[in-house]
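# Breakdown of the fold
Here's the letter readout for the chains.
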Amino acid sequence: MNLDGWTLQDEDGHTFTFHHYRLDGRAIVRIHTGEGRDSRSDLFQDRRNYVRDNRSDTATLRNDRGRFIDDESWGHHRHDGGHHHGHGHR
């Protein structure tokens, strides 16, 4: 699957954009906010400050046309009273 131009955004508006990345079927990729070397299974945003909220946040995935694909929430969520409403993996 070609993820080129897809974005992953958190509640505070920090956006990670995939560039020239292909995800194989059944493969998993982890997006890290810190610094590191990109590989097939791990991509790094190279931010010095940790931007994901450990207590609660929502990551929203959109395709290259900006269409909503999926989201995942965790923790005590400030928008919906604390229940988990992520859709899981596709």
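Here we take up the overall build of the protein chain. Counting its regular elements, the protein chain contains zero helices and six strands. The linear arrangement of helices and strands in the protein chain, starting from the amino end, is β-β-β-β-β-β. Out of the 90 residues in the protein chain, the part that is buried amounts to 29%. Across the protein chain, contacts joining residues at least 24 apart in sequence account for 24% of those joining residues at least 6 apart.

What follows is about the environment of N63. Tracing the backbone through its elements, the reader meets N63 in the loop between β5 (56-62) and β6 (68-75). The class of N63 is buried, set by a relative accessible area of 10%. As for N63 and T17, which are separated by 46 residues in sequence, their C-alpha atoms are 9.9 Å apart. Leaving out residues up to four positions away in the same chain, N63 has contacts with G5, W6 and I69. At 2.9 Å, the side chain of N63 and the backbone nitrogen of R65 are in polar contact. Of the polar contacts made by the side chain of N63, one reaches the backbone nitrogen of R67; its length is 3.0 Å.

Moving on: the packing of aromatic side chains. In total, this model carries two aromatic pairs according to the counting rule given. Ring plane angle 40 degrees and centroid distance 6.2 Å describe the contact between F18 and Y21, whose orientation is recorded as tilted. Y21 shares its class with F18; the two are buried.

Here β5 lies mainly inside the structure; five of its seven residues are buried. Pairing between strand β1 (residues 7-9) and β5: three bridges, direction antiparallel. Bridging from a neighbouring strand, Q9 pairs with T60 of β5. Turn length for the β5-β6 hairpin, with the two strands adjacent in sequence and antiparallel, is five residues, and the turn residue G66 shows positive phi of about 80 degrees.

The backbone of H20 sits at a positive phi, close to 50 degrees, despite the residue not being glycine. Looking at the element boundaries, H20 is found in the loop between β2 (15-17) and β3 (30-32). A positive phi angle, close to 65 degrees, is found at R26, a residue other than glycine. Structurally, R26 is set in the loop between β2 and β3. Classification of R26 as exposed rests on a relative accessible area of 86%.

Criteria and thresholds
Residues numbered from 1 in each chain as written. Predicted model: local features only at pLDDT ≥ 70, side-chain atom pairs only at ≥ 80, totals over all residues. Heavy atoms only, no water. Helix = DSSP H or I, 4+ residues; strand = E, 2+ residues; numbered from the N terminus. Buried < 20%, exposed > 50% of the residue type's maximum accessible area, 1.4 Å probe, protein only. Contact = heavy atoms within 4.5 Å. Polar contact = N/O pair within 3.5 Å; in protein donor to acceptor, adjacent residues only side chain to side chain. Phe/Tyr/Trp six-rings, centres within 6.5 Å; stacked < 30°, edge-to-face > 60°. Pairing = 2+ DSSP bridges.

Limitation: the analysis is restricted to geometry and does not speak to function.
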